[in-house]
Structure formats: C-alpha cells, structure tokens
Amino acid sequence: MVFHLKPFVKISLNICSSPSISLSPSPAKTTAMADEVVLVDEISYPAKYTTTKPLSLLGHGITDMEIHFLQVKFYSIGVYLDPEIVGHLQQWKGKSAEELEKSDDFFDALISAPVEKVIRLVVIKEIKGAQYGVQIESAVRDRLAADDKYEEEEEEALEKIVEFLHSKYFKKHSVITYHFPADSQTAEIVVSLEGKEDSKFVVENANVVETIKKWYLGGSRAVSPSTISSLASTLSAELS
C-alpha cells in the first residue's frame, strides 16, 4: 500500500553560513509491510522501537531541497512515541487530520506530554557533521532568540552539540537518533556510522532540548511538513 504525502509548505534553513535557501519537502513515499516495517523513501523503519519500553512509529517524512529545479533529499525522519500520548491529547478527540495539522497548540501539547519520545533520522544525502551541526545551531538559536530564551547557558549547550558533531561524516544510511526520556528534561543524541561504534552525547539544557523537539515536531514551525502531516493523520485516527 502506498501513501503520498503532499505538503506545500516552504521553509528555510541556514546551511554553512550561506544565504537562506528555500526548502519545499516533497511527498514522502511510504509503504507498510506486514505491520512490522515502514518504508520512508525506500528506507526501512521498524514499526516499534524499544528503549525502556516499546514505542510506536506514529509519524514519518523527509526533508529535501529544490535547487535549480532538482530535488535534493537530505534525510528521512521517523517519530516514535509512547502510545500513552493519546491520553494526553484528548482535548483534540474527533478532530480531523487537517485540523490537527494546522494546530500548533496540538503539537505544543504533543511536545510537552510527559511521555518518552524518539526521533530517528536516516541520512539520504551525505553531509559533514560540521554542516549538520550548523543547521541545528542556527535553527535552535533563532527560535530561542525569538522567545527571549537565548542566554549564555544555551549558547554553551549549542556549542557542545556542534563540537560533538564536528568531526563526523554522515554517509548515506548513517543514523542520528534523539531520545527524549519521559521523566527528564535532557536529550541523548546517538550517532550510528558504518563500521564504527555508536557515539553519544547528552544535552542537559532544558531550553535547547525543548527547542530541538520543536524543530522536528513543532507543527507549522517544524523542519519537515511531511512528518507533521503524517503525525496529524495517525493521531487523528488514534483519537477517533
């Protein structure tokens, strides 16, 4: 079965200190296989991801960029959530997928719900860790500054993330996993590279952690509209 997600939202990212480039995430081709694996742009995601407990794949998508009429895909995204999150979203029971997709309040509630969350990125286009680090730094800094929450502690936390990523090189199918525990305001970043042991880094600044969540899960403010559309569709069905 094939589903075509068709978001038409344009966003921009600063990459390597170059001028902003218009991004327009294209439809993410998704196929379910025996309810065990989901293919997101031909990349396999297990339907369940176990940390302290099994989490369900409730959203998925891609990011891409159009340059000179050519589509350049960067990475696929899988969002794993504790199924108990539905109990924290009852205010939106009966809402359509379209209504949820347009509601930033809904995604704020999803982000703040005290349940375990995992965001798993699989690289499609090779990228230097330094480049990816700059993307995170720019996106998080701009959002924190807009909320008047960018202080010395946040700057230091972002510098540590950039330093952790700087020496890495993400080939195709490299994996970056963000783990957000239910009972903590920290986040663990795990980088999985072919032929190397996983490397891990813990982000301890609560404002930076919250803003990373918003970058990936923040409704109209998120980096991947196709992922937001997928989450809205799945959770609308769960809430019905």
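All residue numbers here refer to positions counted from 1 along the written sequence of the relevant chain. Residues qualify for local features only when their pLDDT is at least 70, as the model is predicted, and side-chain atom pairs are given and counted only at 80 or more; totals for whole chains, interfaces and linings, by contrast, use all residues. Side-chain calculation: all heavy atoms of the structure are included, whereas hydrogens and water are not.

Here is the rule we go by: UniProt positions are given in the numbering used here, feature names are shortened, and annotations may be inferred rather than shown by experiment.
With an unreviewed UniProt entry as reference, the chain is termed Chalcone-flavonone isomerase family protein, source organism Crotalaria pallida. For the record of the chain, the UniProt heading Sequence similarities (unreviewed entry) holds the text "Belongs to the chalcone isomerase family."

### Side note on the overall build of the chain
As a reminder, the rule being used: Starting at the N terminus, helices and strands are each numbered in turn, a helix being any DSSP run of H or I of at least four residues and a strand any DSSP run of E of at least two. Exposure categories follow from relative accessible area, calculated using a 1.4 Å probe and restricted to protein chains: below 20% of the type maximum is buried, above 50% is exposed, and the middle band is partly exposed. Contact definition: two residues touch when any of their heavy atoms are within 4.5 Å. The method behind every accessible area is Shrake-Rupley, applied with a 1.4 Å probe, and residues are considered shielded solely by the protein chains displayed.
Secondary structure summary: the chain contains six helices and 15 strands in total. In the chain, buried positions account for 49% of the 240 residues. The long-range fraction of contacts in the chain, counting pairs at least 24 apart against all pairs at least 6 apart in sequence, stands at 65%. Carbon and sulfur atoms make up 49% of the accessible area of the chain, which totals about 12,000 Å².

### Section: the environment of Val-72
Note that Val-72 resides in strand 9 (residues 70–81). Ignoring sequence-local partners within four residues, the contact set of Val-72 consists of Asp-64, Met-65, Ile-67 and Lys-125.

### What to know about the nonpolar core
What counts is decided by this rule: Definition of nonpolar core: a set of buried residues of the types Ala, Val, Leu, Ile, Met, Phe, Trp, Tyr and Cys, connected through side-chain atoms within 4.5 Å.
Counting residues in hydrophobic clusters, the biggest one holds 56 residues, and the most contacted among them are Ile-85, Tyr-132, Ile-161, Tyr-178 and Tyr-216. With six residues, the top contributor of residues to this core is helix 5 (residues 206–217). Here Tyr-132 is in contact with Tyr-75, Leu-121, Ile-127, Leu-165, Phe-170, Ile-176, Tyr-178 and Tyr-216, once residues within four sequence places are set aside. Of all hydrophobic cores here, the second largest spans twelve residues; its members include Leu-55, Leu-57, Tyr-80 and Val-118.

### Side note on the confidence of the model for the chain
How we decide: Known as pLDDT, the predictor's confidence for each residue is given on a scale from 0 to 100.
With 85% of its residues at a pLDDT of 70 or more, the chain shows a mean pLDDT of 86. Of all the helices and strands in the chain, strand 3 (residues 21–23) carries the lowest mean pLDDT, 32, while strand 13 (residues 175–180) carries the highest, 98. Note on residues 1–34: pLDDT is under 50 here. Beyond four places in sequence and across chains, it has 82 contacts.

### With respect to the sheet that holds strand 13
Definition in use: Two strands qualify as a pair provided that DSSP identifies no fewer than 2 bridges between them. Axis definition: a line fitted to C-alpha atoms, limited for helices to the stretch in contact. Angles are taken between N-to-C directions and run from 0 to 180 degrees.
Reading across the sheet, the seven strands line up as 7-8-9-10-13-14-15 and stay open at both edges, with antiparallel pairing between neighbours. Edge positions in the sheet fall to strand 7 (48–50) and strand 15 (199–203), since each of these pairs with one other strand and no more. Pairwise comparison of adjacent strand axes, ignoring direction, gives a mean angle of 25 degrees for this sheet. Two strands pair when backbone bridges link them, and strand 14 (residues 187–192) and strand 15 are joined in this way by five bridges, in the antiparallel orientation. Opposite Val-190, over in strand 15, you have Lys-200 as the bridge partner. Running at roughly 175 degrees to strand 15, helix 4 (residues 152–166) makes contact with strand 14 and strand 15 of the sheet.

### With respect to the pairing of strand 14
On a regular strand, each side chain points to the face opposite its neighbour's, so the side chains alternate between the two faces of the sheet. Among the six residues in strand 14, five count as buried, and that is most of the element. Pairing analysis gives five bridges linking strand 13 to strand 14, with the strands arranged antiparallel. When the bridges of strand 14 are listed, Tyr-178 appears paired with Ile-189. Taking the residues between adjacent antiparallel strands as the criterion, strand 13 and strand 14 are bridged by six residues. In this structure, the hairpin formed by strand 14 and strand 15 is closed by a connection of six residues, where Gly-195 is found at a positive phi of approximately 80 degrees.

### A short note on the packing of aromatic side chains
Filter applied, for reference: Ring geometry is summarised as follows: Phe, Tyr and Trp rings, the Trp one being its six-membered ring, pair when their centres sit within 6.5 Å, and such pairs are stacked at plane angles under 30 degrees, edge-to-face over 60 and tilted between the two. To sit over a ring, a charge needs its Lys NZ or Arg CZ within 6 Å of the ring centre and within 35 degrees of the ring normal.
The full count for this structure, using the stated rule, is nine aromatic pairs. Geometrically, the ring pair formed by Tyr-75 and Tyr-132 is edge-to-face, given 6.4 Å between the ring centres and 90 degrees between the ring planes. Separated by 57 residues along the polypeptide, Tyr-75 in strand 9 and Tyr-132 in helix 3 (residues 129–146) bring together distant segments of the chain. Each member of the pair Tyr-75 and Tyr-132 is classed as buried. When the centroid spacing of 4.9 Å and the interplanar angle of 45 degrees are considered together, the rings of Trp-215 and Tyr-216 count as tilted. Accessibility assignment for this pair places Trp-215 and Tyr-216 in one class, buried. Ring pairs connect the aromatic residues Tyr-178, Phe-180, Trp-215 and Tyr-216, which therefore count as one cluster. Above the ring of Phe-164, the side-chain terminus of Lys-168 is found at 4.2 Å from the ring centroid.

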